[in-house]
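# Understanding the architecture of this molecule
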Amino acid sequence: MKQNKWTVIILFPFTVCALFLAQFFDLQGYPFESNVFLGVFGSGLLTVMVALINYATERRRTLETFWVIGHKAIRAFNKYPIDGSFDDKIESILLINEFDFDAFGDAYTAIDFLFCNKRLKKRIFNEIYCPIRDASYTISNSASNIVRLRRSVPGNAELLEPYVTKVDQELIKTETFESKLRGKYVYNRITRMCNDRFEGFYRKIMYPLKKQEEQENAD
């Protein structure tokens, strides 16, 4: 994605300049020089077109990779029991920590848009990457301390409780609702939030042509 992007950015201006120079030398009566720059223009234009096609392919593949790994991370967080016992939560923290969150970071780093790169990457970073990254840091920190304390002070649940509480605060959210009855709705905050954002703005970025087709069909 990055290689094809920079190929277009670097070669396109030179290709345009070659066209102008070919026209300039033709007007000045230098056919040989004009033909040389026409040849440069043709080869440059072909290279730019190939790079654009490759970029479009790599763009979709890179965004889909981030999508797939991101959903795997969401499914990993979804293993954390909302109403589970203390022991169940301990085991789920250790299980979630086995997920390769570094691959998720690598997938984000590989994203490099040709247009509006800074704005689009910033939104992905703030709304999807950061929540998953921060939650993974909490899981990793809690898991490492749980393992350490289990080895040094086995059977002491009071020492492990603060690390379970941290994960609860990071992943679990409780909302109250009122209709005919008053109640509480408890859910995995990271799973719901990131899934909604993947299905919302991220899908539109990943498949921009599908968005246009849907709008045309709606009309």
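Located above this text is the structure these notes cover.
### A few points about the overall build of the chain
- Looking only at helices and strands, the chain has eight helices and two strands in total.
- The secondary structure elements of the chain, listed N-terminal to C-terminal, are α-α-α-α-α-α-β-β-α-α.
- Along the first, second and third principal axes, the C-alpha set of the chain runs to 90 × 50 × 20 Å.
- A burial count over the chain gives 36% of its 219 residues as buried.

### Notes on unusual backbone geometry
- For Cys116, which is not glycine, the phi torsion reads 55° and is therefore positive.
- Residue placement: Cys116 occurs in the loop between helix H4 (101-109) and helix H5 (117-152).
- Judged by relative accessible area, which is 45%, Cys116 ranks as partly exposed.

### Looking at the layout of surface pockets
- The volume enclosed by the largest pocket comes to roughly 210 Å³.
- Forming the boundary of the largest pocket are Leu52, Tyr55, Ala56, Arg59, Arg60, Met206, Tyr207, Pro208, Leu209 and Lys210.
- Those elements that provide at least two residues to the lining of the largest pocket are helix H2 (31-77) and helix H8 (208-218).
- For the lining of the largest pocket, the element with the highest residue contribution is H2, accounting for five residues.
- Residues belonging to the lining of the largest pocket are distributed by class as follows: seven nonpolar, no polar and three charged.

### Focus on the state of the cysteines
- Going through the model one piece at a time under the given rule, you end up with zero disulfides.
- Unpaired in this structure, Cys194 has its nearest cysteine sulfur neighbour in Cys130, at a distance of 10 Å.
- Given a relative accessible area of 0%, Cys194 falls into the buried group.

### Quick notes on the packing of H2 against H4
- In the contact formed by H2 and H4, the axes pass within 9 Å of each other and the chain directions differ by 150°. As summarised for this structure, H2 and H4 are arranged roughly antiparallel, according to the angle between their axes. Seen along the crossing, H2 lies across H4 with a hand that is left-handed. Touching Thr62, Thr65, Phe66, Ile69, Gly70, Ala73 and Phe77 of H2 are Phe101, Ala103, Phe104, Ala107 and Tyr108, all from H4.

### Topic: the side chain of Ser136
- Relative to the elements of secondary structure, Ser136 occurs in helix H5.
- Beyond its immediate sequence surroundings of up to four residues, Ser136 is in contact with Phe77 and Phe101.

### Focus on the pattern of salt bridges
- Counting across every chain of the model gives 10 salt bridges.
- The shortest N-O distance in the salt bridge between Arg133 and Asp134 comes to 3.1 Å.
- Its relative accessible area of 23% is what places Arg133 among the partly exposed residues.
- A cluster of three or more residues bridged by salt bridges with shared partners is formed by Arg123, Glu127 and Arg197.

### What to know about the packing of H2 against helix H7 (residues 189-206)
- Here H2 crosses H7 at 170°, and the two axes come no closer than 10 Å. Between H2 and H7, the angle is such that the two are roughly antiparallel. Seen from H2, the contacting residues are Arg59, Leu63, Glu64, Phe66, Trp67, Gly70, His71, Ile74 and Phe77; seen from H7, they are Ile190, Thr191, Cys194, Asn195, Phe198, Glu199, Tyr202, Arg203, Ile205 and Met206.
- Considering only residue class, the contact of H2 with H7 consists of 11 nonpolar, four polar and four charged.

### As for the nonpolar core
- Counting 50 residues, the largest nonpolar core has Phe66, Phe77, Phe113, Ile132, Leu171 and Tyr202 as the members making the most contacts within it.
- Counting residues per element, the ones that place at least two in this core are H2, helix H3 (86-96), H4, H5, helix H6 (157-171) and H7.
- In terms of residue count, H2 provides more of this core than any other element does, 11 residues in total.
- Each residue touching Leu171, except ones within four places of it in the same chain, is listed here: Phe77, Tyr80, Ala135, Ile139, Tyr187, Asn188, Arg189 and Ile190.

Cut-offs applied
- Per chain, the residues get numbers from 1 upward, laid out in the order the sequence is written.
- The predicted origin of the model limits local features to residues at a pLDDT of at least 70 and limits the giving and counting of side-chain atom pairs to 80 or more, whereas totals for whole chains, interfaces and linings rest on all residues.
- Excluded from the side-chain calculations are hydrogens and water; all other atoms, namely the structure's heavy atoms, are used.
- Secondary structure is summarised from DSSP: a helix means a run of H or I of at least four residues, a strand means a run of E of at least two, and numbering begins at the N terminus for each.
- Buried means the residue's accessible area, taken with a 1.4 Å probe over protein chains only, is under 20% of the maximum for its type, while exposed means over 50%, and partly exposed covers the values in between.
- Cavities and pockets are found on a 1 Å grid laid over the protein atoms alone: a cavity is a set of points where a 1.4 Å probe fits but cannot escape, a pocket is an open set with protein on both sides within 12 Å along at least five of seven lines, and a lining residue has an atom within 4 Å of such a point.
- Grid points are joined across faces, edges and corners, and a volume is the space filled by probe spheres set on the points.
- Residue polarity follows a fixed list, in which Ala, Val, Leu, Ile, Met, Phe, Trp, Tyr, Cys and Pro are nonpolar, Asp, Glu, Lys and Arg are charged, and the others, Gly among them, are polar.
- The disulfide criterion is simple: two cysteine sulfur atoms within 2.5 Å.
- Only the contacting stretch of a helix is used when fitting its axis, a line to C-alpha atoms as for every element, and angles between N-to-C directions run 0 to 180 degrees.
- An angle below 35 degrees is read as roughly parallel, one above 145 as roughly antiparallel, one from 65 to 115 as roughly perpendicular, and any other as oblique.
- It is the rotation of the near helix from the far one that decides the hand of a crossing: anticlockwise by less than a right angle makes it left-handed, clockwise makes it right-handed.
- In this analysis, two residues are considered to be in contact whenever any of their non-hydrogen atoms come within 4.5 Å of each other.
- Salt-bridge detection follows one rule: a side-chain nitrogen of Lys or Arg within 4 Å of a carboxyl oxygen of Asp or Glu.
- Side-chain atoms within 4.5 Å are what join buried Ala, Val, Leu, Ile, Met, Phe, Trp, Tyr and Cys residues into a set we call a nonpolar core.

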